[in-house]
Amino acid sequence: MKNYVQPGNTITLTAPYTVASGDGLLVGSIFGIAAGAATLGEPVETALVGVFDITKIGSQAWTVGTKVYWDDTNKRCTTVATDNTLIGVATEAVASGAGDTIGRVRLNAAF
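Throughout what follows, the structure given in this document is the object of discussion. For every chain, the first residue of the written sequence is number 1, and numbering continues from 1 onward in sequence order. Whole-chain, interface and lining totals are the exception, using all residues; otherwise, since this is a predicted model, local features are given only for residues with pLDDT of at least 70 and side-chain atom pairs are given and counted only at 80 or more. Here the side-chain values reflect all heavy atoms present in the structure, with hydrogen atoms and water set aside.

1. Remarks on the sheet that holds strand β1 (residues 10–14)
Between any two strands, at least two bridges found by DSSP are needed for them to pair. Runs of E in the DSSP output that reach at least two residues are strands. Runs of H or I that reach at least four are helices, and both are numbered from the N terminus. Here four strands make up an open sheet; going across it, the order is β1-β4-β3-β2 and the pairing antiparallel. The strands lining the two open edges of the sheet, one partner per strand, are β1 and β2 (24–27). Across this sheet, the average inter-strand angle for adjacent strands is 50°, counted without regard to direction. The pairing of strand β3 (residues 30–34) with strand β4 (residues 43–47) spans two bridges and is classified as antiparallel. Bridged to I33 within β4 is A47. The axes used here are C-alpha line fits, helices contributing only the stretch in contact, and every angle between their N-to-C directions lies in the interval 0 to 180 degrees.

2. Looking at the packing of aromatic side chains
Only centres within 6.5 Å qualify two rings of Phe, Tyr or Trp (six-membered ring in Trp) as a pair; their planes then separate them into stacked at under 30 degrees, edge-to-face at over 60, and tilted for everything else. Per the counting criterion, the structure on display carries one aromatic pair. A centroid spacing of 5.0 Å and a plane angle of 45° characterise the contact between F31 and W70, whose relative ring orientation is tilted. You can see F31 sitting in strand β3 and its partner W70 sitting in strand β6 (residues 67–71), a full 39 residues away along the chain. For the pair shown, F31 and W70 are each scored as buried. In this scheme, the term charge over a ring applies when either NZ of a lysine or CZ of an arginine sits within 6 Å of the ring centre and within 35 degrees of the ring normal. Above the face of the W62 ring, K56 is positioned so that its terminal group lies 5.5 Å from the ring centre. Above the plane of the ring of Y17 lies K75, whose end atom (NZ or CZ) is 4.2 Å from the centre. Each residue's exposure class comes from its accessible area (1.4 Å probe, protein chains only) as a fraction of the maximum for that residue type: buried when under 20%, exposed when over 50%, partly exposed otherwise.

3. Examining the side chain of D71
Mapped onto the secondary structure, D71 falls in strand β6. By the counting scheme adopted, Arg and Lys are positive, Glu and Asp are negative, and His together with the chain ends is not counted. We define a salt bridge as a contact between a side-chain nitrogen of Lys or Arg and a carboxyl oxygen of Asp or Glu at a distance within 4 Å. Within the buried core, D71 has no salt-bridge partner, and the shortest N-O distance to an opposite charge, that of R76, equals 4.5 Å. Under this definition, polar contacts are N or O atom pairs within 3.5 Å; protein pairs additionally need one hydrogen-donor-capable and one acceptor-capable atom, and for neighbouring residues in sequence, both atoms have to be side-chain atoms. Polar side-chain contacts of D71 include one of 3.1 Å to the backbone nitrogen of T73. Contacts are assigned to residue pairs that have any heavy atoms within 4.5 Å of one another. For D71, the contacting residues outside a window of four places in its chain are R76, T78 and N84.

Structure (structure tokens):
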């Protein structure tokens, strides 16, 4: 195919804010996980598919299969759809304690 560019599991995006390796980022409708650190405006290789441990709201319990959204204002995952972007589903249950701030998410790579 003459028009094939790349597989698409990762792409290079321009960081919309400072990110560390493993941080979530949202560029327009594209959500991914930063493969390295970048400051605002720098290119950052970004994973679009896979299963990742991502920061979540501590007060929310997740069950396997729960839809997970990205809260770009607070830079963390949530189960609240309003004003947030669907990024995937929970692949492990997580409790709702204040210290339960990491959730395992399978990215859906769709937007």
